[in-house]
Amino acid sequence: MKVKEWDVNYRIALGITLLLLVWMILGLIPHEADEETAPGAHANDFTVQVAPSQAQPYKRPIYVRAVTEANRSVLVSAEVDGLVEATPAHEGGVVEKGAPLCRLASEDRELRLQQAKAELNKAQIEYKGALSLNNQGLQSQTQIATAKANLALTEAEVAARELAVEKLVVRAPFAGTVQEQLVDVGGYIQRGTACARMLELSPLVVTGEIAEKDVIHLGEGDAATVNFRNGRSEPGRVSYLSSAANSSTRTFKIDVNLPNEDRSLVEGLSAELVIASHSVQAHRISPSLLSLLSDGSLAIKVIEDTDLAVEKVVTIVGDDDKGVWVTGLPDTVSLISVGHEYVANNSRVKLAPAKPPSAQQSKPLSEPQSNDMPTQETPEGKTQGDTP
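Quick look at the structure, then. (Residues numbered from 1 in each chain as written. Predicted model: local features only at pLDDT ≥ 70, side-chain atom pairs only at ≥ 80, totals over all residues. Heavy atoms only, no water.)

So, the overall build of the protein chain
Here is step 1: In terms of regular secondary structure, the protein chain is built from five helices and 20 strands.
Here is step 2: Here the protein chain holds 388 residues, and 35% of them are scored as buried.
Here is step 3: Counting only contacts in the protein chain whose residues sit at least 6 apart along the sequence, the fraction spanning at least 24 positions is 73%. (Helix = DSSP H or I, 4+ residues; strand = E, 2+ residues; numbered from the N terminus. Buried < 20%, exposed > 50% of the residue type's maximum accessible area, 1.4 Å probe, protein only. Contact = heavy atoms within 4.5 Å.)

This is the structure we're talking about:
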């Protein structure tokens, strides 16, 4: 009995296994019905809408994190030794070029100047007397030369004493802001000791580091927009672009000059540089028209040969409030604006009456916030929601 029961169970299991194998094999065999309904066989059953698109010059914006710096930051030092007698300039004050920053006590310098002037007067009289005697034949050429040399020496001594007195006042080398007063009244400073630190904030320099992939698209004189965290934006120009990369970060220094006559912008502000790169021919499209291919690239479907839907690989080079800018398409092309997700590549389709491409957009689109970006409007028509 046990042998018979075993045989029955074995046969049942074998039969189930065979049925499963047959079912799996049948699933791998393509059916004629499936072939008949394969994509493209009835592609003409799909109706799509198309929109013409014309390539336009587009300057891709390059974004750079930056910080503001003074155009010049200088430690103004004393040129002579002396006791600090006064500090006319105060910290944070704006001074003109030549304004006094520190004044040193004259000590005996003015007295020495008076002495040098007296010696000069004596030398002038002696030289005139030597010339007068020479005219009478009573003076030798050697004595005249000695008197003339003595006169030149005393003149040089007076000039040196006047310069020493003039240097008692440390003056601003340029118009700017006194950032820090480094000495106090009553302190003694030596030659070369800094009296004050000055900043030149007009023009203001906005400096940042740009990636090596972008540096080839920029040059000195390019237009730029500087956006500050408080919402303020200012136009400027690229004033410096480094010719050598930072050895650690492989980035390039870039400076943009901003006019700052009222000195309302100060050093150390965080900012963002928006710089327009060189122009390329690109199409502005809606992001919804893009599809992702199996290899990770982006594509868009277009119409060729009147009714053939073809997939074109594109590259996004920028974006704005009205869509994305892509390259990889002919200058003039017909885009499938409605129904592209239902048609296969290289399939025949029916075309619906054309509508303006902007009519397919889901909402009205506003103008770009920055007028410095040289992007252009698409010529296809008004955006959805515009009044005719």
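Now that the structure has been shown, we can carry on.
A look at helix H4 (residues 141-166)
Here is step 1: Its 26 residues place the ends of H4 38 Å apart at the C-alpha level, agreeing with the 38 Å of an ideal helix rising 1.5 Å per residue.
Here is step 2: Within H4, the full set of buried residues consists of Ile144, Ala147, Leu151, Thr154, Val158 and Val165.
Here is step 3: Elements in contact with the buried residues of H4: helix H3 (109-135) and strand S6 (169-171). (Expected span 1.5 Å × (residues − 1).)

Topic: H3
Here is step 1: Across its 27 residues, H3 extends 39 Å between first and last C-alpha, which sits within 8% of the 39 Å expected from 1.5 Å per residue.
Here is step 2: Of all the residues in H3, the buried ones are Arg109, Leu113, Ala116, Leu120, Ala123, Tyr127 and Ala130.

Observations regarding the sheet that holds strand S5 (residues 100-104)
Here is step 1: Taken in spatial order, the four strands make up an open sheet running S6-S5-S3-S8, and their pairing is antiparallel. Two strands close off the open sheet at either side, each with one partner strand: S6 and strand S8 (188-189).
Here is step 2: Here S5 runs beside S6; their pairing, made up of three bridges, is antiparallel. If you follow Pro100 over to S6, its bridge partner there is Arg171. (Pairing = 2+ DSSP bridges.)

Details of the pattern of salt bridges
Here is step 1: Evaluation of the coordinates by the stated rule reveals 13 salt bridges.
Here is step 2: For Arg112, the salt bridge is made with Asp108, and the minimal N-O distance between the two is 3.0 Å.
Here is step 3: Judged by relative accessible area, which is 31%, Asp108 ranks as partly exposed.
Here is step 4: A salt bridge links Arg161 to Glu157; the shortest N-O distance between them is 2.8 Å. Taken together, the residues Arg161 and Glu157, both in helix H4 and four residues apart, mark about one turn of the helix. (Salt bridge = Lys/Arg side-chain N within 4 Å of Asp/Glu carboxyl O.)

Notes on the pairing of strand S1 (residues 47-54)
Here is step 1: Bridge count for S1 against strand S20 (residues 350-351) is two bridges, and the pairing is parallel. When the bridges of S20 are listed, Val48 appears paired with Leu351.
Here is step 2: For S1 and strand S18 (residues 332-338), the ladder comprises six bridges, and the chain directions are antiparallel. Bridge assignment links Gln54 to a residue of S18, and that residue is Thr332.

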